[in-house]
Every structure is written in C-alpha cells, then in structure tokens.
Amino acid sequence: QVQIVESGGGLVQAGGSLRLSCAISGRPFSLYGMGWFRQAPGKEREFVASITWRGGSTSYADSVKGRFTISRDNAKTTVFLQMNSLKPEDTAVYSCAVRVNLVEYKYWGQGTQVTVSS
C-alpha cells in the first residue's frame, strides 16, 4: 500500500523560508514523478511544482517561480520543496502526490500547514 507523508510545515514571517518533505513508502506501480499542490481556505487546490522521477525535469506555477525549488532524493524516494521569500499569500495546506503518468496524480498525502505572517 502506497503511503505519502508530508512534513516541514509551520509558521514563518514574510520573507522567511521553509523546506517541505514528502516521503513515499510502498513504491507505487507507476512513478512518473511527484507534484506539490496547495489549498488556501476558501480556495480550490492549485498546482505548485512538479518533478519527473527519471530526468528530474521541473515545472512551477508562475506564482512561485524563482522562490520555490522542487528536488528529489531517488534513493530515499523523497521529494522536497524549498520555499524562500515566503509571502502571506503562500499560506495554505501543502500536499504532495504521486504523478503516475503525464496527466494523472494519485496517492495523495494528508498535507502540511504553512502559515506566513505579515
């Protein structure tokens, strides 16, 4: 059974940094890559960043480009999201998910809360 566990969230002041981790256990049958998403109160979930497992190709939402960096540790099947220059509008529950093909995400984690104070 595939399990996804996120960690690293917390409270930080605007301009600060946080590093989120996403650990995968029970390797999924298909692992094209991983993605981070976030959902703020009263808003829909939105894409943040993704990385392919083999080539390490990355993709970012325009709102986080230049501030967030996604990376992976193949040996530990872990994905990280380094978040710098955080803004209050980055406040949300951040979740990661397994990308099983070009368009589909499965096996979502419970999420970790990130709160950025002004």
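To be clear, the structure that these remarks concern was listed above.
Here the structure is a predicted model, which means the values were calculated and not measured.

**Examining the pairing of strand β11 (residues 112-117)**
Side chains of β11 alternate between two faces, with T112, V114 and V116 buried and Q113, T115 and S117 left unburied. Pairing geometry for strand β2 (residues 10-13) and β11, over 4 bridges, is parallel. Note on β11: the bridge partner recorded for V12 is V116. Alignment of strand β9 (residues 92-99) against β11, held across 3 bridges, turns out to be antiparallel. Paired with Y94 across the two strands is T112, which belongs to β11.

**Overview of the pairing of strand β4 (residues 33-39)**
β4 sits mainly inside the fold: 6 of its 7 residues count as buried. Pairing of β4 with strand β5 (residues 46-52) involves 6 bridges; the strand directions are antiparallel. Looking across to β5, one finds that F37 is bridged to F47. Here β4 folds back onto β5, and the loop between the two strands holds 6 residues, one of which, G42, carries a positive phi near 80°. Summarising the sheet, β4 and β9 pair through 7 bridges and their orientation is antiparallel. Within the sheet, the bridge partner assigned to W36 lies in β9 and is C96.

**Topic: the nonpolar core**
A general tendency of soluble globular proteins is for nonpolar side chains to be buried together. M34, W36, L81, M83 and Y94 are the most contacted members of the largest nonpolar core, which has 30 residues in total. Residue assignment for this core shows that the elements contributing at least two residues are β3 (18-25), β4, β5, β7 (68-73), β8 (78-83), β9 and β11.

**So, the packing of aromatic side chains**
Tallied over the entire structure, the rule returns 4 aromatic pairs. For the ring pair F37 and F47, a centre distance of 5.8 Å and an interplane angle of 75° mean the geometry is edge-to-face. Of this pair, F37 sits in strand β4 while F47 sits in strand β5, and the two are 10 residues apart along the sequence. Site record: aromatic cluster; members linked through ring pairs are F37, F47, Y105 and W108. Between R19 and the ring centre of F80, over which it is positioned, the NZ or CZ distance is 3.9 Å. The ring of W108 is capped by R45, whose NZ or CZ atom sits 3.8 Å from the centre of that ring.

Calculation criteria
Residue positions within a chain follow its written sequence, with the count starting from 1. For this predicted model, a pLDDT threshold of at least 70 governs which residues receive local features, and a threshold of 80 or more governs which side-chain atom pairs are given and counted, while totals over whole chains, interfaces and linings are taken from all residues. Computation of side-chain values covers all heavy atoms of the structure but excludes hydrogens and water. Summary of the burial criterion: residues with accessible area below 20% of their type's maximum are buried, those above 50% are exposed, and those between are partly exposed, where the area comes from a 1.4 Å probe applied to protein chains only. By definition, any uninterrupted DSSP run of H or I lasting at least four residues is a helix, any uninterrupted run of E lasting at least two residues is a strand, and each is numbered from the N terminus. In this analysis, strands are considered paired if DSSP registers two or more bridges between them. To form a nonpolar core, buried Ala, Val, Leu, Ile, Met, Phe, Trp, Tyr and Cys residues must be joined to one another through side-chain atoms within 4.5 Å. In summary, the pairing rule links any two rings of Phe, Tyr or Trp, Trp by its six-membered ring, whose centres are within 6.5 Å, and it sorts them by plane angle into stacked for under 30 degrees, edge-to-face for over 60 and tilted for everything else. Criterion for a charge above a ring: Lys NZ or Arg CZ within 6 Å of the ring centre, and within 35 degrees of the ring normal.

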